[in-house]
Amino acid sequence: MIVCAAVVGAQNNPLYLRTFIPTDDEAKFHCIVHCSLDAVEEKVLLRRAPGEVPELYLGLLYPTEEYRVYGYITNSHTKLIAVLDEFSPREDLLAKALKAMHAAFVDATSCPFYSFGAPLTSRLFAEEVATIVGGYSQAVAQLQQR
Amino acid sequence: MGSVTRTIDPGISIFSAAEIRVAFVQIGPVPRDVYEEYLDAFNRHRHVPLSNVRELHHETVKTPFGHTPWKSGALHLRFLPDDDARRRTRVADLHVQRTVLAVLGVVHCPLVEDLAAAHAEWGRVARSFPDALVARCVAFAPGDAHLAAAAHGMRDLVVFPAGAPSHLDQHVEAFMPEFCAALLAGTEGWVLNAGVASVRLNTHVDSAEFTGSLAAVQEGLQRLNTNEEELREKKRWGRLQKTKGDLALISGSPKDAADHYKSGLELSKIAGDTVWAAAALEGLAAARVADALAAAGGGGGSLKRSLALAANAAAAAAAATGAGSPVGSGGGAGGEAAAASPSARPGGGGGGDGASPAPPASPRAGAPPSPRPQSSATPSPSRSPVKGARGGGGGGGGGPLIGPALWEALAAAGVEEEVAELLVEARGWYRRKGGALPLQIENALKHARLLAGVRGARDSRAAGLALLGSALELVPQLTLLEDRLVALVEVAQVMGLLGCGRKRQLLLWAAVDLSRAVDRSDTLALRIATRALEPPDDARAQDPDDLPRRHWSQRRAAVPLFDPTRSPGAAWQSVQLAAAEAALAAARQANSPIEAWEAGALILREHCALLHPQYQQGLLDALAAAAARLPQRALLRRGPGPGPLAQLRRVTPPPPWLAPVHISAGGGSGKQGGGSGEGSAGPFIFNPYEEKRQKGAAAAAAESAVVEWVAGDQCRVEVALANPLALPLRLDAVALLVEHADGGDAAAAGGAGSGAPSPDRPPRQRASGEDGGGGGGGSAGGGGEPGAAAAAAAVSLSPVAVTLPAGGKPVRVVLPLTPLRPGELRITGVAVTAWGVTWRQPLTLLPRLAPLAAPGALRAQPPQPVRVLPRLPMLRATLSGPDVAVVQPPPDSEAGRSGGGAGGGGAGGAGGSAGGGAGAGGALGKAAAVQVFEGQHLAWSLALTNTGDQPVGFCTLAVLNPKGAPVRALPQGGAQLPASFAGVAVDAAAAEAALRAALPLPPRQSASLPLALVVGRPPADSFEEVAVELRITYAPLPADGAAVADAAGGDGAEAVGRRLSVPLRLVIHPTLAVTAVRFLALSVPLRDGRRFAPPGVNLRDAGLTRDGGLYRSTTSGRGSAAGGAGAGGMVRNSSEGALSASPLSPSALGALARQASLAASQQQHQARLERAEAQAAAQRQLWLEVEEQTRGDDAAAAAQPGAPAAAAASGSPTRRGQLAGAASASGAAAAAAGSSEAAALGSTLDSVVEAAVVNRSDRYFRTWLARLPGRPGAEGAESAVVVLEPGDTARLLAPMLPPDTAAPAAAAGAPPRRPPAVGAHGAPERMACAERLVEALGLRWEMITGDVAPDRLQRGLVRLAPVDAAHSLTPAAVSALCPSQLHVRIVALPPPAATGPGPELVDATAAAQALGVRLSGVVGQLWAVRLQVGQPLALEVRLTNAGEADEALRLSIAVADLTAGAGGAPGDGGAARPSQDTGGAGGGAAAAAAAAGAGGELVAGAAGFDGGDGGLLLTGASSRVPLAVPGAGGGAAHRLTALALRPGLYQLAVADVCSRGPQGAGGCAPLYVTQDRLCVLVV
């Protein structure tokens, strides 16, 4: 399941981070998401061929001992990071979830009262992300039940 | 020796195989910082070229290394601190070079009394390293006792004499070749003596624990297939060859090593000894690299090239960081903290006790362990990047390559691919064994480091990350926690090399957690946590021992805050904050106050915006607690502290009198004078856009110009301090942080010289054992102290205390400092002291609008360069005089010039400092106001005192106006300023002469300069104020003894001096004004050509005062004073023909004196004559001091052929005569004339100047007309002395004597006046005559100011306006001013004897008035020859020619009846009548126009002027009488007779005169002739 979801700005500045498991060490997830930026750079900046249309879903960025980090990058270089406690059994589900998160992010930033580059404090966005995470968990659970 | 602790070595690289490990152990007490200093000195020489070793290498037996590159090879040493040296690796049998092969014992003699005991202890320590080939005991800084003890021949004792750090460096440089030669001999002997029997086959590498079960299975299968004994033998031989290869490699012979490795590789492959085969492959790769480096490093230029590349890299890093620090490029494992970390490179310092659960020191080692864990040492700021990068540079000509040069050489050699293949193959052999995980990880780390170094971080990132990823997967499989920890940290470090700073941080985060399981004391966790706070290393400078040591806080501070491009991940503050908090927690648990201080300061400095105020308060309390526990030497921190943010606002310019100026040729200011001479680029003369552009360019140039200070002067710098915390911050001392070009900085000076709470730096010896903490150590490294001392000797600082409010509002603080010696300074920040700790805050550009915590809001401010000039003298000017007393610079400003005093106090605070700055600038533009009066002459004295300590060798004085132009100087040679001159004129010539005589002016000496000023009219456009600046520009004596003039006035030469300005504000008060000038005629009787001088009354006593006199001055009052010139009607411009006032009173003949009242109105144009009391008027006397005419009347008469003997005998010596015009009663004229004796009678007219003066001031003045130049007092008055009340008007009369005779200046040697310009016919121009008059006559005044000594009276001179004088100039005045060469005088001759009564010369004034004759412009009596009707009168016309040429004249004598025109306008004369010509009354000047033939000018206003009037008949030739007048003083005479026919008043004059040309050639040319007319009164 997704234990942490984060949105990182184009300047690698944190816009949103939320954990979905009870933890008292949120800084650890900050470090994990922060570290994933290096992997994003490796995948996007270093390995992209000239003229290649990049895939927004980056897949597995890197694994840690406990977690697996997946990424998604928008055309404006905003990164959506999902930290999973296991390898995703169906990456298409995860890609779909991240894409939905992307849509929610676009909706949140379309708010005229939102200052671009500022942390996302929208309650609607948080609820949307929680819904997406919950939907992914249910889909994975259903998949595993089969 | 300690037990085996680890398998993986920190800092392992492809070069590690070629390094000789040397234990650097301390013997006896050695302070930690001193130990670091010694270690740093040895690290700077850890690469020793073989060329230096060869001379000392004694080849007792044939060397086993036949391919040693003696010219290009090198030995590479790795000095291990004792903690690390005592740690043994588990793979010592596999890699011989990982054992300690040499021991250096360090004895710090100042703390060791018994050198012999120390030597014995060293012996015990050396024996604890059984594998050591060489051991030496090095004693530093010995005393006499130590030297005496060393003389007894202690074995392997090396004594380094005490001296400067440079001396230590030289000693180490000289010691290293000998040491290496011994090492080389040891390795050679080992190789020669090594045998296969000593090779072990049951090492740790052969154990199942290391190789794993799969390897055991494979070995068993192989054993079944082959002969076991044969395999063992091959293994032994293979391992022996591998060991020999290792020894050959560390001995600097890579080719021999390669040979051995290849042999060993083959044998190991055959024997199935896979680990040794892989090790041989790795050794082969290392040998290949070493061979390539040896090939590239040959030649003398290699070291220089490597140094240059290292310097470039450091400079690029400094530019990237923007702080001028090479830290950004910092390679290696990062400073001393890295040395203390278990993850550090082998020589960088051991992990200390933290890396091993075993005790750090073996009891049998004898040497006590370090009392505290490895402390952090701060690098020397004086060590330049080049020097730092040179750390490993060996001496001698061809040194090994280090830093970027090393990697470039490898890339150029093209060995990367070959080496990579060998490493990959080796990794494959490791994998064959199935185990050997640590070796696989080491292999991957080596490979990744090689890729990063050769290809660079970006290009090697993908491949490197793949290697590291594989290595990272193996880490959890390591059996030893220590190996896991080291591997984790090493992978993290290499990831940092590849540019993955975030991954590095995450791995270090994980390592911190792991370290707590390894070391319960949390020291290890602290070291890794602080490592996580450092920026990543540079891929091109990986070796930390080749870099200067820096504390992690300094390395982190060198990276700009919140700049993601420079510090990846820095923008994610929560992550950084978490790392910093982890470090702080670890420091607290490890009981390290230094690291706790640094971590707490880091949190407050970078992340205060995220912290709650209570948390901030807690951090401040933690800082205070840590500061209280800091050791004495650690109180001076080299890095930044918790704040505040400091921005250099401006370097406060010194006061004008202290500012240095560049004096170019001619004494002008080279820097301040230029810039405005560019012409306009457009068609217009003035282009406002161009002007604006030039101003902007000038302002930009002024801003970019390097500030210049003078050594010994106190300077001020304005700094803005901002406290971003939510709590107020009290700073005990804030001082500037200044770096000197000689090295070092003045941070220590700031604390030391201030008396501030910051402690003085204790002596180096005191640091022993006081550096506490788990890894800190803020003391200066190697060259730091001398650098700081140099800076301290260059600058004296005066700290101030300040309390900064919360919220980030900048507070302006003025920080004073005094540069002490010339050179280049750089202001890099401020040194702040609080809680007893002094730290350094770099300069930061504070945002104007954004909050301080906004990302990207803060940027580093470049250091401010300042040029310090040599000491300069200091002059103090004292301007004193009766009216002024000015001292410049002000006496209170002298305190600001400290003269190099060590800024005491420092308790000024912000307000105090600001006040000081205001005080310094307060004197700017404040000019002393001096009250002066128009026309005043001032005599001041300017005293220049040299108050400095340098002699003044060059000095100029200039008097300037506010626009910078020189003030008009007084004319030289007695010339006068024009009457219209406004402002002030200064005579500085005498001052300059006195100044030149006084130079050079030594210290504490004075020179007094006279200064004369003349005050002109108040300027109409500046509110009667005139600003004058006395600018004194001076410079010291040239240091090289050159001529002073060359220093400042030579061609292109430029000297540095100072400029002292004495500003003055002169408030000019108006005094007197001459509203009108008129010329009057005074009839003077002549007898035999001599002036008749009756006993008279002094004209001055007659007093043309306002209460009486010939002309009564009408008091027009204050209100009408201004209009008195014209509206009063008394004085009117004669040019208007409106001199309506008759000067003569119409009193009865001889009855009363005249007292003219000129209270005429302008409308009536009529003078109202008043009759004064007879008695009083009778006493009116006119005194007129006249100069007897120099025309030599009598002499001319004597020279005239046929002249009367009496006339000839009378002579006429030039003398002054006095004429007393006694206003006698009727009939008194006869007595006055005294004509009873037979004599030639006549009269002449003198010209009198009448000046109307008005007092425009509100003061009382005493005034008179006086000759110029002359005595300023009233003694030389030419007129009456009158006293004028405010607003009063007076008329002053003064005789107008010929200037040639009257001017005493001519006798005083003054240059002669220029002759007046002449117009047509030789007649002088009126303007020229007027100018001559005003040069000789002026209005002097004295102010009546009560009881004042005569010498202190305020006196002045008001000039007459030549234009006004020229307007009213009469022919008589012209004649008086410019006598002609030809003069005609008509005299009445006495009748022949006994023929009857002779003519009498009488006062005909009353008669003329009775007859209604208006005699305008005549003053005094009118003298005339009295005849009876029917009485004949013998006349003689006498001519004198003072010219050079003879003249042939033709003249006509005419008679004018003066009463003829009286009937037309009896009484008043009529303004319309041309009676204003005083010549009509028989004046002196006759400008004859012969062609006109008329005597209009002569008798204008007189009717019937022809050869004979009806009342007076001329007999004899009177018309066109030819006369020849010889030149050169010759004369001629013509006689005729007049017969009186009718009573009346007549005048005889030359009516026409013309020149007939030479010898009477004919024609008639006009001539300029003056004449004395004769009046005849027929009764």
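The structure reproduced in this document is the subject of the present report. (Residues numbered from 1 in each chain as written. Chains lettered and ligands numbered in written order. Predicted model: local features only at pLDDT ≥ 70, side-chain atom pairs only at ≥ 80, totals over all residues. Heavy atoms only, no water.)

Notes on the overall build of chain A
Secondary structure summary: chain A contains three helices and five strands in total. Relative to its 146 residues, chain A shows a buried fraction of 47%. Expressed as a percentage of contacts within chain A between residues at least 6 apart in sequence, the contacts between residues at least 24 apart total 54%. Approximately 7,400 Å² of chain A is accessible, and the part contributed by carbon and sulfur atoms is 53%. (Helix = DSSP H or I, 4+ residues; strand = E, 2+ residues; numbered from the N terminus. Buried < 20%, exposed > 50% of the residue type's maximum accessible area, 1.4 Å probe, protein only. Contact = heavy atoms within 4.5 Å. Areas by Shrake-Rupley, 256 points an atom, 1.4 Å probe, with all protein chains shown as cover.)

Focus: the sheet that holds strand 3 (residues 47–49) of chain B
All names here are of chain B. Judged by pairing direction, the sheet is mixed, and its six strands sit side by side in the order 3-4-2-6-7-8 without closing on themselves. If you trace the sheet from one side to the other, it starts and ends with strand 3 and strand 8 (157–160), each paired once. Strand-to-strand twist across the sheet, computed as the mean angle between neighbouring axes with direction ignored, equals 30 degrees. Strand direction decides the pairing type here: strand 2 (residues 19–27) and strand 6 (residues 100–108), joined by seven bridges, are parallel. Along strand 6, the bridge assignment pairs Ile27 with Val107. (Pairing = 2+ DSSP bridges. Axes fitted to C-alpha atoms, helices over the stretch in contact; angles between N-to-C directions.)

Observations concerning unusual backbone geometry
Residue and element names in this part refer to chain B. A cis amide bond links Gly643 with the next residue in sequence, Pro644, at an omega value of 0 degrees. Counting through the fold element by element, Pro644 comes out in the loop between helix 25 (613–629) and strand 9 (645–652). A cis amide bond links Gln888 to the next residue, Pro889, at an omega of -5 degrees. As for its placement among the helices and strands, Pro889 is situated in the loop between strand 23 (885–888) and helix 29 (909–922). Of note, Trp835 is a non-glycine position whose phi angle comes to about 55 degrees, a positive value.

Some details on the interface of chain A and chain B
Think of interface size as the accessible area that goes away when the parts come together; that is how it is often given. Chain A puts 21 residues into the contact, and the matching count from chain B is 17 residues. With both chains or domains summed, chain A and chain B bury close to 1,800 Å², and 66% of this area falls on carbon and sulfur atoms. At the boundary of chain A and chain B, one finds five salt bridges. As a salt-bridge pair, Glu42 of chain A and Lys503 of chain B come within 3.2 Å of each other at their nearest N and O atoms. Joining chain A to chain B, the criterion identifies eight residue pairs in polar contact (both at pLDDT 80 or more). At the level of elements, strand 2 (14–19) and helix 1 (26–46) of chain A are the ones that each hand at least two residues to the side of chain A that touches chain B. Among the residues making up the side of chain A that touches chain B, the classes are represented as 13 nonpolar, four polar and four charged. (Buried area = accessible area lost by both parts, 1.4 Å probe. Salt bridge = Lys/Arg side-chain N within 4 Å of Asp/Glu carboxyl O. Polar contact = N/O pair within 3.5 Å; in protein donor to acceptor, adjacent residues only side chain to side chain. Nonpolar A, V, L, I, M, F, W, Y, C, P; charged D, E, K, R; others polar.)

Describing helix 20 (residues 501–518) of chain B
Taking 1.5 Å of rise per residue, 18 residues should cover 26 Å, and helix 20 of chain B covers 25 Å from first to last C-alpha, within 8% of that figure. By the criterion of burial, helix 20 of chain B is predominantly enclosed, with 14 of the 18 residues buried. (Expected span 1.5 Å × (residues − 1).)

Brief notes about the pairing of strand 7 (residues 134–140) of chain B
All names here are of chain B. Counting buried positions along strand 7 yields seven of seven residues, so the element is predominantly enclosed. Here strand 7 shows no split at all, with Val134, Arg136, Val138 and Phe140 on one side and Ala135, Cys137 and Ala139 on the other all buried. Where strand 6 meets strand 7, seven bridges bridge the pair, whose relative direction is parallel. The residue bridging Gly105 from the neighbouring strand is Cys137, located in strand 7. With four bridges connecting them, strand 7 and strand 8 associate as parallel partners. Opposite Phe140, over in strand 8, you have Phe160 as the bridge partner. At this point the chain moves from strand 7, through helix 5 (residues 144–150), to the parallel strand 8, and the crossover so formed is right-handed. (Right-handed = clockwise from strand over helix to strand, strands pointing away.)

Examining the side chain of Arg1355 of chain B
Residues and elements named next belong to chain B. Note that Arg1355 resides in strand 42 (residues 1355–1359). Here the side chain of Arg1355 touches Glu1342 through a polar contact of 2.8 Å, side chain to side chain. With residues up to four places along the chain from it excluded, the contact list for Arg1355 reads Gly935, Gln936, His937, Pro1272, Gly1273, Trp1341, Glu1342 and Pro1350.

Quick notes on the sheet that holds strand 14 (residues 795–797) of chain B
Residue and element names in this part refer to chain B. Strands sit in the order 9-12-16-14 across an open sheet of four strands; the sheet is antiparallel. Two strands close off the open sheet at either side, each with one partner strand: strand 9 and strand 14. Each strand axis lies, on average, 35 degrees off the axis of its neighbour in the sheet, ignoring direction. Taken together, the three bridges between strand 14 and strand 16 (residues 811–819) define a ladder with antiparallel strand orientation. Residue pairing in the sheet places Leu797 in a bridge with Leu817 of strand 16.

A word on the packing of helix 2 (residues 91–109) of chain A against helix 3 (residues 123–145) of chain A
Residue and element names in this part refer to chain A. Here helix 2 crosses helix 3 at 170 degrees, and the two axes come no closer than 10 Å. By the angle class used here, helix 2 and helix 3 are roughly antiparallel. Of the residues in helix 3, those in contact with Leu93, Leu94, Ala97, Ala100, Met101, Ala104, Phe105 and Ala108 of helix 2 are Phe125, Glu128, Val129, Ile132, Tyr136, Ala139, Val140 and Leu143. For the contact of helix 2 with helix 3, the per-class residue count stands at 15 nonpolar, no polar and one charged. (Parallel < 35°, antiparallel > 145°, perpendicular 65-115°, else oblique.)

Here's the deal with the pattern of salt bridges
All names here are of chain B. Tallied over the entire structure, the rule returns 56 salt bridges over all chains. Between Asp732 and Arg730 there is a salt bridge whose closest N-O contact spans 2.3 Å. For Asp732, a relative accessible area of 18% translates into the label buried. Each of Glu19, Arg46, Arg78, Asp543, Asp545 and Asp546 takes part in one network of salt bridges that share partners.

Describing the nonpolar core
Residue and element names in this part refer to chain B. In terms of nonpolar packing, the biggest core is built from 106 residues, with Ile441, Trp709, Val717, Leu736, Leu817 and Ile827 touching the most fellow members. Counting residues per element, this core draws most heavily on helix 19 (residues 481–497), at 10 residues. Counting 87 residues, the second largest nonpolar core, distinct from the first, contains Trp70, Val158, Leu265 and Ala286. (Core = buried A, V, L, I, M, F, W, Y, C linked by side-chain atoms within 4.5 Å.)

So, the pairing of strand 28 (residues 1006–1015) of chain B
Residues and elements named next belong to chain B. One ladder, built from nine bridges, connects strand 25 (residues 937–946) with strand 28; its direction is antiparallel. The residue of strand 28 that forms the bridge with Trp940 is Leu1011. Bridging between strand 27 (residues 984–987) and strand 28 involves four bridges; their strand directions are antiparallel. Pairing of Val984 across the sheet is with Val1015, part of strand 28.

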